[in-house]
Amino acid sequence: MAEMEQPFLTDIEEIRRRARQHLEEGAVTPSYEGDVETTIKLLNDALATEVVCVLRYTSHYINAQGIQSESVKAEFGQHAREEQQHVLQLAERINQLGGKPNFNPEGLLTRSASQYVEGANLVDMIKENLIAERIAIDTYRELIRYFSQHDPTTRRLLEVILAKEEEHANDMHDLLVAHQGRPMLQS
Ligand SMILES: [Fe+2]
Ligand SMILES: [Fe+2]
């Protein structure tokens, strides 16, 4: 005897009713599997990391000097704009989840995974950016692992940002090789 066919959406009325409830929760519906507070905290830490990256790249962009620095300067400027984009993407996601993006400069460096180092010369600047990008990559990989179980939308956003950070690290590595030989590679 055939069992009664279950409709795909078990109870559309119930889903509609729940969607109407708690409208102030925005994109966070009862089926959200993550812990919203933890998600917002983690995303705010990532936001701080990105803000520090904007500041560091902007400082390097302004301070890059020397006859060979034009292309490096342009690269720093482009990265500063892309890090700014990451700031906005993370802030939007925090906002969607009902949180408040933390732009308070107080405690910024404590929340950030990467550091703000100005660098004494062009090669130092490139090295500092490469270090910061590698830290960002590690941090995002860890967050992606965490969110793959808890929040696929946030995971996808972080995957897009991670791909850009890998590009950034590669750019900085290329610049380092061009300006200082191959100090990072074992012969
Ligand atoms: Fe970034
Ligand atoms: Fe980056």
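Residues numbered from 1 in each chain as written. Chains lettered and ligands numbered in written order. Predicted model: local features only at pLDDT ≥ 70, side-chain atom pairs only at ≥ 80, totals over all residues. Heavy atoms only, no water.

Participant: I would appreciate a short explanation of the overall build of the protein in the present structure.
Facilitator: A count of helices and strands for the protein gives 6 helices and 0 strands. Scanning the protein from its N terminus toward the C terminus, one meets helices and strands in the order α-α-α-α-α-α. Looking at the protein as a whole, 37% of its 187 residues qualify as buried. Only carbon and sulfur atoms are counted for the fraction: they give 51% of the accessible area of the protein, which is about 11700 Å². (Helix = DSSP H or I, 4+ residues; strand = E, 2+ residues; numbered from the N terminus. Buried < 20%, exposed > 50% of the residue type's maximum accessible area, 1.4 Å probe, protein only. Areas by Shrake-Rupley, 256 points an atom, 1.4 Å probe, with all protein chains shown as cover.)

Participant: Can you walk me through the packing of helix α2 (residues 36-63) against helix α6 (residues 152-180) in this structure?
Facilitator: Interhelical geometry of α2 versus α6 gives an angle of 25° and a closest axis separation of 13 Å. Between α2 and α6, the crossing angle belongs to the class labelled roughly parallel. Considering only the axes of α2 and α6, their crossing is left-handed. On α6, the residues that touch Thr 39, Leu 43, Glu 50 and Tyr 57 of α2 are Thr 154, Leu 158, Ile 161, Glu 165, His 168 and Met 172. (Axes fitted to C-alpha atoms, helices over the stretch in contact; angles between N-to-C directions. Parallel < 35°, antiparallel > 145°, perpendicular 65-115°, else oblique. Left-handed = near helix turned anticlockwise from the far one by under 90°. Contact = heavy atoms within 4.5 Å.)

Participant: Would you take a moment to explain the packing of aromatic side chains for this structure?
Facilitator: In this description, an aromatic ring pair is defined by two values, namely the gap between the centres and the angle between the planes. For the coordinates displayed, the defined rule picks out 2 aromatic pairs. An angle of 50° between the planes, with centres 6.2 Å apart, marks the rings of Tyr 57 and Phe 76 as tilted. Taken together, the residues Tyr 57 in helix α2 and Phe 76 in helix α3 (residues 69-96) connect sequence positions 19 residues apart. On the basis of relative accessibility, which here comes to 0%, the residue Tyr 57 falls in the buried class. Lying across the ring of Tyr 57, Arg 56 places its NZ or CZ 5.0 Å from the centre. Its guanidinium or amino end placed over the ring of Tyr 61, Lys 73 lies 4.8 Å from that ring's centre, counting from NZ or CZ. (Phe/Tyr/Trp six-rings, centres within 6.5 Å; stacked < 30°, edge-to-face > 60°. Lys NZ or Arg CZ within 6 Å of the ring centre and 35° of its normal.)

Participant: Is there a simple way to explain the coordination of the iron ion (ligand 1) in this structure?
Facilitator: On the protein side, the iron ion (ligand 1) has Glu 50 (OE), Glu 50 (OE), Glu 83 (OE), His 86 (ND1) and Glu 165 (OE) as donor atoms, found 1.9 to 2.5 Å from it. If you list the donors of the iron ion (ligand 1) from N- to C-terminus, the spacing comes out as E-x32-E-x2-H-x78-E. Taken as a pair, the iron ion (ligand 1) and the iron ion (ligand 2) lie 3.8 Å from each other and share Glu 83 as a ligand. Of this pair, Glu 83 sits in helix α3 while Glu 165 sits in helix α6, and the two are 82 residues apart along the sequence. Classification of Glu 83 as buried rests on a relative accessible area of 0%. In this structure Glu 165 comes out as buried when scored by relative accessible area, which is 1%. (Donors = N, O, S within 2.8 Å, 3.2 Å for Na, K, Ca; no water.)

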